[in-house]
Amino acid sequence: MFETLKAQPADKILALMQMYREDPRDTKVDLGVGVYKDATGLTPVMRAVKKAEHQLWETQVSKVYTGLAGDPAFGDAMIDLVLDGAVARDTIAAAATPGGTGAVRQAFELIQMARPDARVFVSDPTWPNHLSILSYLGIETIPYRYFDNETRGVDFDGLIEDLKTARKGDVVLLHGCCHNPTGANLNPAEWDAVIEVLLQTGATPMIDIAYQGFGDGLAEDAAATRKVVAAVPECLIAASCSKNFGIYRERTGLLMAIASDKSAQQLNQQTLAFLNRQNFSFPPDHGARLVTMILNDSALRADWQAELEEVRHAMLGLRTQLAGELQRLSGSDRFGFLAQHRGMFSRLGTTPEMVEKLRADHGIYMVGDSRMNIAGLNAETVPILAKAIIDVGI
Ligand code: LMR
């Protein structure tokens, strides 16, 4: 039977990871996959995670199954972290998932169950795996304008015009903060306008929030999500703990489905548990348990927040340094957007040919659409990147 299988397209981000590994040059710089790296190039286990793991090792007496939706304490802690009471708790159904991607996948399946004809509006561009999963599930995808290649900011007028074509039963996928792949984000007034369009059209928002704490701060990065849920009757939220807790391989995420009332919440909760059962049965628990312990212990939580702030400031520092270096070398402000973008990524806004030239001539690896992982830089590699950008003529 296997002879009928066809080769699937390689994931561009993961293919780039492989190419980087195989490059023998010791001057190579990896700005590919979205993983935080410190100044020494290490993706560290966060201090609070280490301490929680130690406590867990000492106190955990069983690894018997949790519930199908995971440990409810994890759901409660994450709902509090992301939403902070923005909407009544008894309207929120939640299920732990294998990472943020698991939450995205379960959300799309829920949409398909509820509305087989739903169209999902996605920003142009969006995280490639959004498109890949939607296409795999056979869900119709409608791109909405997002990135303005001239300003390297958001094409806000285009976005609003496109979102106005959504209708009730459609879903609008939004990035809660730190847009991946562009780094360009909506400001608070623009979010208000998006909410207005959602209310006018009746489309349901789905928010992917994978980088809370990487942009302007934990509360600041969740502000738009909180505003949306407070305003609309229904919403889906896929939250990831991979980046802000640095527990990538533990696969820790939460899908939230917010309903207009308590009775719909119960049906949603049952459906989320059902979907988990069909796809993987019980969700992974180790990372979820660590997150719960950290969020519910004031000392661990304070230490986690302090380290997350260090990470955030490190990325902001690299942004400022890179924008400054490019201003010096180019004698212009045309790279100022790099300091304005937020989160791990910035889209340089150049051609695939230039991206290829950076890789071939300078050993600099970024995704073909010119997405750079800012956290892949350090104080020494920033000038190397800046010089390479100018050298190739961007
Ligand atoms: C990324 O966009 O690089 C990350 O979200 C990692 C991934 O799985 O693609």
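Residues numbered from 1 in each chain as written. Predicted model: local features only at pLDDT ≥ 70, side-chain atom pairs only at ≥ 80, totals over all residues. Heavy atoms only, no water.

What follows deals with the nonpolar core. By size, the foremost hydrophobic cluster in this structure holds 75 residues, and its most contacted members are Met78, Leu83, Leu159, Met256 and Trp304. Of the residues that make up this core, three or more belong to each of domain 1 (11-45 + 301-392) and domain 2 (65-296). Once residues within four sequence positions are removed from consideration, Leu83 is found in contact with Ile92, Thr225, Arg226, Val229, Ile237, Met256 and Ile258. One finds Val122, Leu134, Leu255 and Leu272 within the second-largest nonpolar core, a separate group that totals 25 residues. (Core = buried A, V, L, I, M, F, W, Y, C linked by side-chain atoms within 4.5 Å. Buried < 20%, exposed > 50% of the residue type's maximum accessible area, 1.4 Å probe, protein only. Domains from an automatic or database assignment. Contact = heavy atoms within 4.5 Å.)

Bringing the domain arrangement of the chain into the picture now. In terms of domains, the chain is made up of domain 1 (11-45 + 301-392) and domain 2 (65-296). Taking the mean C-alpha position of each, domain 1 and domain 2 sit 26 Å from one another. Taken residue by residue, the interface counts 27 residues in domain 1 and 30 residues in domain 2. Interface of domain 1 and domain 2: buried area, both sides summed, is about 2400 Å²; carbon and sulfur atoms make up 58% of it. Linking domain 1 with domain 2 are one salt bridge. Among the salt bridges present, the one from Arg342 reaches Asp216, with a minimum N-O distance of 2.8 Å. Summed over the shared surface of domain 1 and domain 2, the result is 13 residue pairs in polar contact (both at pLDDT 80 or more). Broken down by secondary-structure element, the contributors of at least two residues to the side of domain 1 that touches domain 2 are helix H11 (298-330) and strand S9 (345-347). (Buried area = accessible area lost by both parts, 1.4 Å probe. Salt bridge = Lys/Arg side-chain N within 4 Å of Asp/Glu carboxyl O. Polar contact = N/O pair within 3.5 Å; in protein donor to acceptor, adjacent residues only side chain to side chain. Helix = DSSP H or I, 4+ residues; strand = E, 2+ residues; numbered from the N terminus.)

A full pass over the atoms with the stated rule returns 22 salt bridges. One continuous salt-bridge network, built from bridges that share partners, spans Arg47, Lys51, Asp303, Glu307 and Glu310.

Put simply, helix H4 (residues 99-114) and helix H9 (residues 262-279) touch, their axes get as near as 10 Å, and they point 115° apart. Between H4 and H9, the interaxial angle falls into the category roughly perpendicular. Like other packed secondary-structure pairs, H4 and H9 cross with a definite hand, here right-handed. Seen from H4, the contacting residues are Gln106, Glu109, Leu110 and Met113; seen from H9, they are Thr271, Leu272, Phe274, Leu275, Asn276 and Asn279. Within the contact of H4 with H9, the residues separate by chemical class into five nonpolar, four polar and one charged. (Axes fitted to C-alpha atoms, helices over the stretch in contact; angles between N-to-C directions. Parallel < 35°, antiparallel > 145°, perpendicular 65-115°, else oblique. Left-handed = near helix turned anticlockwise from the far one by under 90°. Nonpolar A, V, L, I, M, F, W, Y, C, P; charged D, E, K, R; others polar.)

Close to the ligand lie Ile13, Val33, Gly34, Trp127, Asn180, Tyr211, Lys243 and Arg371. Asn180 is positioned with one of its side-chain polar atoms (N or O) 3.0 Å from an oxygen atom of the ligand. Summarising the interface, the protein chains cover 80% of the accessible area of the ligand, which totals 260 Å² for the free molecule. Taken together, the residues of the shell around the ligand sort by class into four nonpolar, two polar and two charged. Two domains share the shell around the ligand, each providing at least three of its residues, namely domain 1 (11-45 + 301-392) and domain 2 (65-296). (Near = heavy atom within 4 Å. Areas by Shrake-Rupley, 256 points an atom, 1.4 Å probe, with all protein chains shown as cover.)

Here we come to the state of the cysteines. Summed over all chains, the structure comprises zero disulfides. With no disulfide of its own, Cys178 lies closest to Cys177 among cysteine sulfurs, the gap being 3.8 Å. Assessed through its relative accessible area of 3%, Cys178 is described here as buried. (Disulfide = S-S within 2.5 Å.)

A contiguous nonpolar patch, built from Met1, Phe2 and Leu5 and spanning about 450 Å² of accessible area, is present on the exposed surface. If you trace the backbone, Phe2 turns up in the segment before helix H1 (12-22). (Patch = residues over 30% accessible without salt bridge, like charges linked within 9 Å, V, L, I, M, F, W, Y side chains within 5 Å.)

Cis geometry marks the peptide bond from Asp124 to Pro125, where omega comes out at 10°. When you line up the elements, Pro125 lands in the loop between strand S3 (119-124) and helix H5 (128-137). Between Asn180 and the following residue, Pro181, the backbone shows a cis peptide bond with an omega angle of 20°. At Asp84, a position not held by glycine, the phi torsion is positive, near 45°. Secondary-structure assignment places Asp84 in the loop between helix H3 (72-83) and strand S2 (92-97). On the accessibility criterion, Asp84 (49% relative accessible area) is partly exposed. Residues other than glycine seldom take positive phi values, yet Cys178 does so here, at roughly 50°. Following the sequence through the fold, Cys178 ends up in the loop between strand S5 (171-175) and helix H7 (188-201).

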